[in-house]
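One-letter residues, chain by chain:
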Amino acid sequence: MDARNGQGRVVEDLAGLWDFAFLGAADPREVAVGTIKFDDVMAVPMCFDATPRYAGQRGLAAYRRRVKLEGGARYRLTLDGVHHWGRVVLARKQESAILREHIGGFTRFHADFQAAEAGEYDLVILVDNRLDWARCPLHLDYFDWYNYGGISRGVWLTRLPETAIDRVWITTRDPKARRVHVRVEWSGQAQENLPLALAVNGRPVLAEQVSGDSGSFERDLELPGLGLWSPGSPALHELTVRLGADEVRETFGIRQVRVEGEKILINDEPVRLWGFNRHESHPQFGHAVPPALMASDLQQIRDMGGNFVRGSHYPQDTRFLEMCDRAGVCVWNESIGWQQTAQHLTDPKFLEAQLVNIEEMIAAAYNRPSVILWGLLNESESHVAAARAGYERLIRRIRELDSSRPVTYATCHPQEDLGLDLCDVVSVNLYPGWYYTSIENMGNDLAYVAKVLDSRGAAGKPLILSEIGAGAIYGCRDTHEMQWSEQYQAKLLREAIGFVGKHPRWSGIAIWQFCDVRTEEIPQRIVGRPRGFNNKGVVDEYRRPKMAYEAVKEAFRRWNADA
Ligand code: ADA
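Residues numbered from 1 in each chain as written. Predicted model: local features only at pLDDT ≥ 70, side-chain atom pairs only at ≥ 80, totals over all residues. Heavy atoms only, no water.

Novice: Sorry if this is basic, but what is going on with the pattern of salt bridges here?
Specialist: Think of it this way: side chains of opposite charge can pair up when their charged atoms draw near. In total, this model carries 54 salt bridges according to the counting rule given. Arg 58 is paired through a salt bridge with Glu 520; the nearest N and O atoms lie 3.1 Å apart. One end of the pair, Arg 58, is in the loop between β3 (40-44) and β4 (60-69); the other, Glu 520, is in the loop between β32 (517-518) and α8 (523-526), with 462 residues separating them in the sequence. A relative accessible area of 23% means that Arg 58 is categorised as partly exposed. (Salt bridge = Lys/Arg side-chain N within 4 Å of Asp/Glu carboxyl O. Helix = DSSP H or I, 4+ residues; strand = E, 2+ residues; numbered from the N terminus. Buried < 20%, exposed > 50% of the residue type's maximum accessible area, 1.4 Å probe, protein only.)

Novice: Help me understand the site of the ligand, please; the structure alone is not making it clear to me.
Specialist: Surrounding the ligand, one finds 13 residues, the nearest of these being Asp 144, Glu 379, Tyr 435, Glu 467 and Lys 536. One of the side-chain N or O atoms of Tyr 435 is found 2.4 Å from an oxygen atom in the ligand. A distance of 3.4 Å is found between an oxygen atom of the ligand and a side-chain nitrogen or oxygen belonging to Trp 512. Notes on the ligand: free accessible area 320 Å², of which the protein chains cover 96%. In terms of residue class, the shell around the ligand is built from 4 nonpolar, 4 polar and 5 charged. (Near = heavy atom within 4 Å. Polar contact = N/O pair within 3.5 Å; in protein donor to acceptor, adjacent residues only side chain to side chain. Areas by Shrake-Rupley, 256 points an atom, 1.4 Å probe, with all protein chains shown as cover. Nonpolar A, V, L, I, M, F, W, Y, C, P; charged D, E, K, R; others polar.)

Novice: What should I look at first to understand the pairing of β3 in this one?
Specialist: Looking along a regular strand, one sees the side chains alternate between the two faces of the sheet. Where burial is concerned, the two faces of β3 differ: the one with Asp 40, Met 42 and Val 44 is buried and the one with Val 41 and Ala 43 is not. Both strand β2 (residues 16-24) and β3 contribute to a ladder of 5 bridges, which runs antiparallel. Bridge assignment links Phe 20 to a residue of β3, and that residue is Asp 40. (Pairing = 2+ DSSP bridges.)

Novice: Hey, could you run me through the pairing of strand β30 (residues 463-467) in this one?
Specialist: In terms of burial, β30 is a largely internal element, 5 of the 5 residues being buried. Sheet topology note: the strand β29 (residues 426-429)/β30 ladder contains 4 bridges and is parallel. In the sheet register, Val 428 faces β30, and the bridge partner there is Leu 465. Note: β30 against strand β31 (residues 506-511), 3 bridges, orientation parallel.

Novice: Which parts of the structure should I look at to understand the nonpolar core?
Specialist: Soluble, globular proteins show a tendency: their nonpolar side chains are buried together. If you look at the biggest cluster of nonpolar residues, it comprises 89 residues, and the most contacted ones within it are Phe 276, Leu 465, Ile 509, Val 538 and Val 552. Leu 14, Cys 47, Tyr 63 and Val 155 belong to the second largest nonpolar core, which has 35 residues in total. (Core = buried A, V, L, I, M, F, W, Y, C linked by side-chain atoms within 4.5 Å.)

Novice: Where do I start with the packing of aromatic side chains in this structure?
Specialist: Aromatic ring pairs: the centre-centre distance and the angle between the two ring planes describe each pair. Applying the stated criterion to the full structure yields 25 aromatic pairs. Ring centres 5.7 Å apart and planes at 50° place the aromatic pair Phe 22 and Phe 48 in the tilted group. Here Phe 22, found in strand β2, pairs with Phe 48, found in the loop between β3 and β4; they are 26 residues apart in sequence, far enough to count as distant. Residue Phe 48 is classed as buried on the basis of its relative accessible area, which comes to 0%. Ring geometry for Trp 274 versus Phe 556: centroids 6.0 Å apart, planes at 55°, classification tilted. In this pair, Trp 274 sits in strand β23 (residues 273-278) while Phe 556 sits in helix α9 (residues 547-559), placing the two residues 282 residues apart along the sequence. Per residue, the accessibility class of Trp 274 equals that of Phe 556, and both read buried. The structure contains a cluster of three or more aromatic residues connected by ring pairs, namely Trp 18, Phe 20, Phe 22, Phe 48, Tyr 54 and Tyr 63. (Phe/Tyr/Trp six-rings, centres within 6.5 Å; stacked < 30°, edge-to-face > 60°.)

Novice: Any chance you could explain the packing of helix α6 (residues 442-458) against helix α7 (residues 486-502) here in plain terms?
Specialist: Packed helix pairs are specified by the crossing angle of their axes together with the interaxial distance, meaning the distance between the axes. α7 packs onto α6 with a crossing angle of 40° between their chain directions and a minimal axis gap of 10 Å. Between α6 and α7, the angle is such that the two are oblique. Handedness of the crossing formed by α6 with α7: right-handed. Where α6 approaches α7, its residues Met 442, Gly 443, Leu 446 and Ala 447 are matched on the opposing element by Leu 492, Glu 495, Ala 496 and Phe 499. Looking at side-chain class alone, the contact of α6 with α7 contains 6 nonpolar, 1 polar and 1 charged residues. (Axes fitted to C-alpha atoms, helices over the stretch in contact; angles between N-to-C directions. Parallel < 35°, antiparallel > 145°, perpendicular 65-115°, else oblique. Left-handed = near helix turned anticlockwise from the far one by under 90°. Contact = heavy atoms within 4.5 Å.)

Structure representation (structure tokens):
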């Protein structure tokens with residue numbers, strides 16, 4: 001829901017420069033916000049440890065910004081990304097109140113509150129980027145990406161009307177009949193016969209009345225004549241919901257995604273996915289990728305003939321998803337995860353954090369037609385019996401919240417995986433020609449894995465090659481075409497795309513990866529990560545194309561009819 005479009009609500013964008021203090025090793029339990037000496041400023045959104053002064057530092061940081069509040073009014077503070085532990089405090093004179101704590105850096109959360117008296121208040125946000133299982137089991141020190149810290153995405157404050165629309169869920173029921181299901185949830189002060197009106201693209205489609213202090217309203221709407229959303233023709237529409245004094249607008253697409261046998265269908269048409277894994281990372285911004293860079297990433301992805309992004313390995317920024325809606329690029333959006341063990345998956349604390357992450361991911365992206373798949377737990381121990389109950393629980397929760405999209409996870413244990421029956425789409429990460437065997441043997445390797453997966457439960461389900469790639473150092477051109485050269489990477493990716501193109505058993509490929517990304521400096525891994533980066537991007541961290549760019553472009557454009 002685009003909260004920034006309100007009418008009866010007043011929305012203040014809190015992006016800009018905030019007061020800042022880096023408190024390092026301080027324990028948040030012992031920090032009194034009134035005593036913090038704010039001796040610096042920091043941009044919001046931005047990752048503080050991507051700035052030169054705090055580069056590479058881990059610890060507690062405090063952000064402060066003054067806000068003017070009306071006495072007795074209802075407020076909702078929305079934060080789109082705080083890395084990766086955060087506490088929101090409202091302070092005035094000597095008094096302060098904790099409004100909310102949150103873990104997990106890549107999801108939107110809210111803090112709802114009322115100010116007793118009118119006046120100026122300090123909004124203080126404590127942010128901790130330490131990799132600390134006890135505080136935040138979602139961001140761990142062995143991940144193959146650098147966990148930046150800070151307020152990395154938008155922040156805004158909404159003064160809500162007495163009765164406010166909390167959420168609007170739009171689901172396509174039948175694309176041919178242009179039938180969509182709309183659910184509106186509201187809360188606030190008890191009201192009798194409050195007018196509720198819906199309009200699509202400015203045309204009124206429904207007027208009713210509702211009563212009570214909170215509740216929901218649902219209805220099927222038939223919208224004849226409206227265009228459908230598909231990668232080749234991504235038509236978008238706008239639903240306006242008016243409830244009493246409140247109004248929100250939500251962009252949506254009419255599109256149904258489903259799995260039929262070994263195919264993924266969008267509005268009953270089989271689709272093949274040609275794309276990239278994409279991290280939200282840049283050396284100068286960390287995870288706080290600015291919208292201009294998101295748009296340019298998408299431009300390059302489309303220029304290469306891509307119609308697919310796997311958001312590796314956490315929920316993508318909603319602004320990026322909105323851009324994908326407009327561009328007709330399909331997205332696999334996944335909750336945060338990277339090689340979790342059975343021990344993690346049997347730990348109630350981890351599962352609870354994952355459930356919240358899943359709920360927040362789905363709430364933020366539900367209405368985005370570009371999101372066609374939910375994913376979770378990249379390369380975790382899906383081959384260990386003890387982990388199965390954890391997988392079941394998380395996948396069950398995804399389906400409870402959204403039964404309209406298929407679910408998948410990327411396995412790296414194709415020969416022993418025990419959970420393929422839990423997925424609608426089977427996805428596998430493979431690195432032939434890089435970590436093992438050779439480019440020449442890649443075809444045999446991939447064919448073998450497909451056969452093994454089919455014998456273990458993938459038969460009759462779509463298959464995605466969710467990672468394949470090779471490292472290449474930008475500018476390393478080598479007549480021997482050795483590993484790490486741009487030529488080697490180009491050759492490997494050409495081979496991989498060609499293989500998937502010729503074998504319709506595979507519904508798609510997500511190249512590992514779109515751009516180079518900084519990684520955690522772990523002794524045993526860093527020797528395979530020159531410069532401290534995962535160098536398997538087809539563009540480097542500044543988005544400069546490597547030779548693979550043209551190779552991928554040629555190969556994708558050959559197979560993607562919509563490119
Ligand atoms: C895995 C993992 C990626 C990345 C990749 C690699 O498949 O899912 O995040 O680490 O390997 O580059 O080795």
